[in-house]
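In case you want the letters, here they are:
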Amino acid sequence: MKPTKLLWTPVRALWWRDVIRFLRQRNRIIGALATPLVFWLLVGSGFGPSFQNGGTGNPTYLVYFFPGIILLIMLFTAIFSTISVIEDRREGFLQGALVAPLSPAAIPLGKFLGGTTLAVLQALFFCLLAPLAGIHIGGIQVLLLLPALILAGFSMTGLGFLVAWPMDSTQGFHAIMNIFLMPLWMMSGALFPMPPGSGWLYWVGQLNPVSYCVSSIREALMMGRVGSSLSHYGLALFITALFGAATFGVSFYLVAYPRKK
Amino acid sequence: MITPAIIVRHCVKNYGERRALDGLNLEIKQGEIFCILGPNGGGKSTLFRILSTFIQPDEGSAEILGYDVVTSAAEVRARIGVVFQSPSLDPKLTVRENLLCSGALYGLQGKELEDRIQATIGTVQLSERLNDFVGDLSGGLQRRTEIAKCLLTSPEVLILDEPSTGLDPAARLDLWAALEQLRQEKKVTILCTTHIMDEAARADRVGILSAGKLVALGTPEELISALHGDVLRLSLRSGVDAFAQKINDHFGISAHVIEGEVRLEHPDAYALAARIAADFPNEITGLHIARPTLEDVFIARTGTLFAEQEVEPRVLHKKEKS
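Calculation criteria
Per chain, residues are indexed from 1 in the order of the written sequence. In the order they appear in the text, chains get letters beginning with A and ligands get numbers beginning with 1. Under the rules for a predicted model, residues below a pLDDT of 70 receive no local features and side-chain atom pairs below 80 are neither given nor counted, while totals for whole chains, interfaces and linings still include all residues. Each helix corresponds to a stretch of at least 4 residues labelled H or I by DSSP, and each strand to a stretch of at least 2 residues labelled E; elements are numbered beginning at the N terminus. To estimate how far a helix should extend, the number of its residues minus one is multiplied by 1.5 Å. In this scheme the burial state of a residue depends on its C-beta neighbours within 10 Å: 20 or more other such atoms mean buried, 12 or fewer mean exposed, and anything in between means partly exposed; the C-beta positions come from the backbone. As used here, the arc is the angular range of directions from the helix axis to the C-beta atoms. Note that contacts rest on C-beta atoms placed from the backbone: two residues are in contact if these are within 7 Å. Classification used: nonpolar for Ala, Val, Leu, Ile, Met, Phe, Trp, Tyr, Cys and Pro, charged for Asp, Glu, Lys and Arg, polar for all others including Gly. Axis geometry follows a simple rule: fit a line to the C-alpha atoms, using only the stretch in contact for helices, then measure angles between N-to-C directions, giving values from 0 to 180 degrees. Angle categories: roughly parallel below 35 degrees, roughly antiparallel above 145, roughly perpendicular from 65 to 115, and oblique for all the rest. In this scheme the handedness of a crossing depends on how the near helix is turned from the far one: anticlockwise by less than a right angle means left-handed, clockwise means right-handed. Per residue, pLDDT captures the predictor's confidence, and it can take any value from 0 to 100. A pair of strands is treated as paired once DSSP finds two or more bridges between them.

Peer 1: What is the right way to read helix α6 (residues 169–186) of chain B from this model?
Peer 2: Because an α-helix packs 3.6 residues into every turn, residues spaced three or four apart end up facing the same way. All names here are of chain B. An ideal rise of 1.5 Å per residue puts 26 Å on 18 residues; α6 measures up with 25 Å between its terminal C-alpha atoms. Within the sequence span of α6, burial applies to Leu175, Leu179 and Leu182. Projected onto a plane normal to the axis of α6, the buried residues spread over an arc of 60° and lie on a single side. Exposed residues lying more than 90 degrees from the buried face of α6 are Pro169, Ala170, Ala177, Gln184 and Glu185. Contact partners of the buried residues in α6: β3 (33–37), α5 (139–151) and β8 (189–194). Backbone geometry just after α6 places Lys187 at a positive phi near 55°.

Spelled out as structure tokens, the structure:
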């Protein structure tokens with residue numbers, strides 16, 4: 001065997017393993033889809049009557065909330081797919097990957113691509129419900145939506161991986177999820193608008209990279225409606241891409257230069 | 001000269017205040033089956049993790065087939081097979097899928113990988129179970145799958161961490177038969193950590209690791225025959241320490257108190273037992289004579305029982321015997 005640092009064959013195997021595992025665990029599919037769906041219907045219907053959007057588009061709350069729920073589905077899927085890393089690398093399959101002659105990029109890349117695939121599939125599945133909310137998805141929307149979903153999925157998996165990799169226990173992951181990941185989502189404009197003039201909320205929204213994931217999905221879905229623009233979409237997509245690249249960069253660093261223990 | 005399979009030079013590893021490896025030196029020949037025997041906390045797993053390139057030593061170095069485990073980790077990884085204490089298999093995948101995935105981690109794919117799977121699965125006699133989910137297999141079969149997984153890449157050195165954990169005696173015998181066959185047919189060097197005496201007794205050579213140091217090294221027969229004959233254990237009504245002293249004074253034999261019993265070695269343990277019983281008729285409640293085992297070697301070298309060390313790693317230095 002040649003002592004090369006392998007990349008693509010292992011990446012493909014790690015990606016495939018994540019996808020096949022997911023498809024074999026029906027409760028994971030349901031868990032990642034059903035929770036946000038229930039959330040969307042309950043919160044959406046409850047808030048609906050009192051919802052006032054400053055924008056001129058003036059969509060109903062169920063429509064406003066739709067991109068936010070897509071991102072929540074992606075976040076949940078990404079969390080489910082990365083949380084396994086915690087035990088997997090200590091007493092599971094990943095132990096073997098850690099002593100294989102791999103490039104240090106192989107493990108994060110395999111995991112990121114696996115998580116992204118699952119998140120995008122789940123999001124697309126949920127998009128089938130769009131007509132129920134009165135959102136029409138045509139060719140142009142699909143064209144814009146795909147890159148937005150892929151980059152958002154990549155970033156969400158990245159967030160999950162960054163939290164999971166250094167963790168000793170899944171309990172720790174749940175704590176971080178509640179005090180860090182969920183607030184990032186809530187403060188992203190997913191749940192309520194954070195327009196200029198809303199004071200500190202506005203700035204939190206502007207500085208929160210997750211806002212741009214939601215934005216790019218929202219712009220893609222609403223393209224053609226009043227208030228949406230291709231330049232907003234492009235900017236949001238660009239920042240989402242930067243965010244995804246940053247999470248990958250840090251993940252690579254964590255795997256390539258493990259802390260001395 | 002043939003390159004040794006494994007060389008460890010003055011390896012030190014600390015975890016905070018605790019020293020897990022304390023200047024360990026070790027050399028293992030190619031084609032050897034070598035067992036590292038020691039209690040939990042003795043440094044076995046640390047050595048395993050260093051040799052499998054998981055962690056780096058704080059001081060000293062280790063080489064596998066001439067490649068440094070730190071500076072040439074990729075070369076080392078391409079030549080070793082690693083069997084972890086907890087299975088590194090995916091229970092949600094079938095045996096075949098696990099092997100496909102693992103082979104891919106080493107760059108194997110397509111027909112070559114398929115051929116190797118067929119070959120290795122035959123070696124570990126799992127051809128019938130190829131499409132079963134790993135999660136449905138018994139512990140013994142999972143171990144065999146694990147070994148098949150390592151063999152896919154034709155390693156020259158196989159490193160196993162407590163491979164018998166969770167196996168019943170029959171599965172353990174199976175495992176060792178497979179390892180011995182591997183050494184014979186493929187000339188694979190095998191390094192195995194264990195805390196099970198019987199397992200260590202099957203190795204070509206044994207190193208006993210206690211508190212991060214090698215306290216004994218040799219073939220099982222050498223280690224056992226270096227003891228001074230058979231082992232005699234005496235149970236008493238009371239006053240074990242005083243009784244041990246009496247034996248020392250009376251017979252000039254060094255006796256020790258281990259777990260509430262007086263313990264000593266003697267070439268003619270039967271005759272000695274008869275004399276002790278005659279000289280101290282009312283004190284002894286039980287008497288046990290046996291051929292020494294590796295456990296006795298451990299006691300002789302560290303002054304403690306194997307099980308005692310598991311709680312708190314320490315070394316009690318015994319008086320040197322003449």
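Peer 1: Help me understand the interface of chain B and chain A in this model?
Peer 2: A common way to report how large an interface is uses the accessible area buried once the components associate. Residue-level contacts link 24 residues of chain B with 25 residues of chain A. Every element with two or more residues in the side of chain B that touches chain A is listed here: α2 (73–79) and α3 (95–105) of chain B. When grouped by side-chain class, the residues that make up the side of chain B that touches chain A number 12 nonpolar, 8 polar and 4 charged.

Peer 1: I tried to follow unusual backbone geometry on my own but got confused; where do I start?
Peer 2: Most peptide bonds are trans, and most residues other than glycine sit at a negative phi. Residue and element names in this part refer to chain B. With phi around 55°, Gln125 is a residue other than glycine that occupies positive phi space. Tracing the backbone shows Gln125 in the loop between α4 (110–123) and α5. Judged by local crowding, Gln125 falls into the partly exposed class, with 13 C-beta atoms found within 10 Å.

Peer 1: Please clarify how the packing of helix α1 (residues 8–24) of chain A against α3 of chain B should be interpreted in this entry.
Peer 2: Geometrically, a packed helix pair is captured by the angle between its two axes and the distance between the axes. Close contact between α1 of chain A and α3 of chain B brings their axes to 7 Å; oriented N to C, the two are set at 150°. By the angle class used here, α1 of chain A and α3 of chain B are roughly antiparallel. The way α1 of chain A lies across α3 of chain B gives a crossing that is left-handed. Contacts from Thr9, Pro10, Arg12, Ala13 and Arg17 of chain A in α1 of chain A reach Cys101, Ala104 and Leu105 of chain B in α3 of chain B.

Peer 1: Looking at this model, I keep getting lost on the packing of helix α7 (residues 170–190) of chain A against helix α9 (residues 209–222) of chain A. Mind explaining?
Peer 2: All names here are of chain A. Remark: α7 packs on α9, axes separated minimally by 8 Å, with the N-to-C direction vectors making an angle of 50°. Compared by their axis directions, α7 and α9 come out oblique. As for the relative orientation of α7 and α9, their crossing is right-handed in sense. Across the interface between the two elements, Leu184, Trp185, Ser188, Gly189 and Ala190 of α7 pack against Val210, Ser211, Val214 and Ser215 of α9.

Peer 1: Is there a simple way to think about the confidence of the model for chain B in this case?
Peer 2: Low pLDDT marks regions whose predicted coordinates should not be analysed in detail. Residue and element names in this part refer to chain B. Considering every residue of chain B, the mean pLDDT works out to 86; 94% of them sit at 70 or more. Under a pLDDT of 50 for its full length, residues 310–322 has, in the predicted model, 17 contacts with residues more than four places off or in other chains. Both confidence scores are given for the complex: pTM 0.83, ipTM 0.86.

Peer 1: Mind showing me how you'd approach the sheet that holds strand β10 (residues 213–218) of chain B here?
Peer 2: Across a sheet, strands are paired by hydrogen bonds formed along the backbone, either parallel or antiparallel in direction. All names here are of chain B. Taken in spatial order, the 6 strands line up as β6-β7-β8-β3-β9-β10 in an open sheet, and their pairing is mixed. Among the strands making up the open sheet, the edge pair consists of β6 (80–83) and β10. Ignoring strand direction, the axes of neighbouring strands in this sheet form an average angle of 15°. With respect to the sheet, helix α1 (residues 44–51) is in contact with β3, β7 (157–161), β8 and β9 (205–210), its orientation differing from that of β7 by roughly 145°.

Peer 1: Is there a simple way to think about the environment of Pro267 of chain B in this case?
Peer 2: Residue and element names in this part refer to chain B. With respect to the helices and strands, the residue Pro267 is situated in the loop between β13 (261–266) and α10 (269–279). For Pro267, a count of 10 C-beta atoms within 10 Å puts it in the exposed group. In sequence terms Pro267 and His10 are 257 residues apart; their C-alpha atoms lie 36 Å from each other.

Peer 1: When you look at the sheet that holds strand β4 (residues 59–64) of chain B in this model, what are you seeing that I'm missing?
Peer 2: Residues and elements named next belong to chain B. One open sheet accounts for 4 strands, arranged β2-β1-β4-β5; its pairing is antiparallel. A single partner strand is all that each edge strand has here, and the edge strands are β2 (18–28) and β5 (67–68). Two elements, β4 and β5, share 2 bridges in a ladder whose sense is antiparallel. For Glu63, the partnering residue across the bridge sits in β5 and is Asp68.

Peer 1: Looking at this model, I keep getting lost on the environment of Gly96 of chain A. Mind explaining?
Peer 2: Its place among the elements puts Gly96 of chain A in helix α4 (residues 93–98). Excluding residues that lie within four positions of it along the chain, Gly96 of chain A makes contacts with Ser88, Ser102 and Leu105 of chain B.

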